[in-house]
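Structure at a glance
The residues making up each chain are set out below.
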Amino acid sequence: MKKTTQFKNLLQSPSLEFIMEAHNGVSAKIVEEVGFKGIWGSGLTISAAMGVRDNNEASWTQVLEILEFMSDVTSIPIMLDGDTGYGNFNNMRRLVRKLEQRNIAAVCIEDKVFPKTNSFIEGNQPLASIDEFCGKIKAGKDTQTDPDFCIIARIEAFIAGWGLNEALKRADAYEKAGADALLIHSKLSKPDEILAFMKGWKGRSPVVIVPTMYYETATEVFEKAGVSLIIWANHLLRASIAVMQKTADQIHKDRSLINIENTIVSVKEIFRLQVADELKEAEKRYLPK
Ligand code: SPV
Ligand code: MG
């Protein structure tokens, strides 16, 4: 099944679904291997893996290049965290064209202004006007050639401190503009804003959430509230940073690998993830004897 169709089915499925963050080819592959049905191409982790900030310091074509590696090694759909669409409606149109060419199934755009700031960073989080953001959604929907490509509108009203009424007003406008789903974001450690939104939301669009900060809430609470899709947004990068810091420090202190070898994957496991065997077989077929 096409990746776009897989993703649309995931969004519209009656049960709660989950997608997991990846930030390069190998992490994308790991997400698929453990059984997730989709991948979140996180702006935070893709930029962090490049060693830059989540403020559009990496150009959108640099992000596209990473996505292409992620897409090439996986058969499950990728939903890109497209930040603000990297500009206005016109940049959004070009983004959608390029994503479709690279077999990316969906893009999420947020109603902030370029260059964006990560939602968990303290300080001013200016919002785009409703009209401007609706134009961006419409431009994206008019540009896509595959009817199953999805555009998810992310509402940052809670993040910016504008409250529930503003969040609901925006949800309604974005649904009318053609968004395939809404992502409602909150930085609180309790899910109060999310649950209030779910109670107040009378539209039909599926709702997506990112429980990074309210991680202590049982998943069943969101299931009961009618959430459609949960994004585990940054946990593979955070896990790998923890192990890289520990491993580098140990090797540096020991001046030896003796305490490390059994705590990390083998070189063979890297070869397996790279499908090195396939090349061996191909060499037999194509290289001169
Ligand atoms: C990301 O993963 O880049 C996101 C989610 O946009 S958050 O970091 O929570 O804003
Ligand atoms: Mg992001």
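Values in this document were obtained by computation on a predicted structure and should not be read as measured data. Numbers given to residues run from 1 along each chain, matching the order in which its sequence is written. Chain A is the first chain written and ligand 1 is the first ligand written, with later ones labelled in order. Only residues with pLDDT of at least 70 get local features here, since the model is predicted, and only at 80 or more are side-chain atom pairs given and counted; chain-wide, interface and lining totals rely on the full set of residues. The basis for every side-chain value is the complete set of non-hydrogen atoms in the structure, without hydrogens or water.

**Details of the overall build of the protein chain**
- In DSSP terms, a helix is any run of H or I states spanning at least four residues, a strand is any run of E spanning at least two, and both are numbered starting from the N terminus. The number of helices and strands found in the protein chain is twelve helices and eight strands.
- Taken against the 2.2 N^0.38 rule, which gives 19 Å for 289 residues, the C-alpha radius of gyration of the protein chain at 20 Å falls within 12% of a compact globule.
- Each principal axis of the C-alpha distribution contributes one length, and for the protein chain these read about 65 × 45 × 35 Å.
- In what follows, residue pairs with any heavy atoms lying within 4.5 Å of each other are defined as contacts. If you take every contact in the protein chain between residues at least 6 apart in sequence, the share linking residues at least 24 apart comes to 71%.
- Per-residue and other accessible areas were derived by the Shrake-Rupley procedure at a 1.4 Å probe size, with only the shown protein chains allowed to occlude residues. Here the protein chain displays about 14900 Å² of accessible surface, and carbon together with sulfur accounts for 56% of that area.
- Here the protein chain holds 36 positive side-chain charges and 38 negative ones, and the gap between their average locations is 2 Å. It is over C-alpha atoms that the radius of gyration is taken, and the globule rule equals 2.2 Å times the number of residues to the power 0.38. Only four residue types enter the charge count, namely Lys and Arg as positive and Asp and Glu as negative; His and the chain termini do not. Lysine's charge is taken at NZ, arginine's at CZ, aspartate's at CG and glutamate's at CD.

**Describing the site of ligand 1**
- One heavy atom within 4 Å of a molecule or strand is enough for the residue carrying it to be called near that molecule or strand. Taken together, Trp 40, Ser 42, Gly 43, Leu 44, Asp 81, Asn 118, Ser 119, Phe 120, Arg 154, His 185 and Ala 233 form the complete shell of residues around ligand 1.
- For this analysis, a polar contact is any N or O atom pair within 3.5 Å, provided that within protein one partner can donate a hydrogen and the other can accept it, and provided that sequence-adjacent residues contribute only side-chain to side-chain pairs. Note that an oxygen atom of ligand 1 is positioned 2.7 Å from one of the side-chain N or O atoms of Ser 42.
- Between Leu 44 and ligand 1, the recorded distance is 2.8 Å, taken from a backbone N or O atom to an oxygen atom.
- Summarising the interface, the protein chains cover 100% of the accessible area of ligand 1, which totals 280 Å² for the free molecule.

**Quick notes on a nonpolar patch on the surface**
- Patch membership is restricted to residues that have no salt bridge and whose relative accessible area is over 30%. Joining uses 9 Å for like charges and 5 Å for the nonpolar side chains Val, Leu, Ile, Met, Phe, Trp and Tyr. For salt bridges, the criterion is a side-chain nitrogen of Lys or Arg within 4 Å of an Asp or Glu carboxyl oxygen. A surface patch of nonpolar side chains, about 370 Å² in accessible area, is lined by Val 265, Val 267, Ile 270 and Phe 271.
- Along the chain, the position of Ile 270 falls in helix H11 (residues 267-273).
- Throughout, exposure labels follow a simple rule: accessible area from a 1.4 Å probe, protein chains only, divided by the maximum for the residue type, with under 20% read as buried, over 50% as exposed, and the rest as partly exposed. On the basis of relative accessible area, Ile 270 is assigned to the partly exposed category, the value being 42%.

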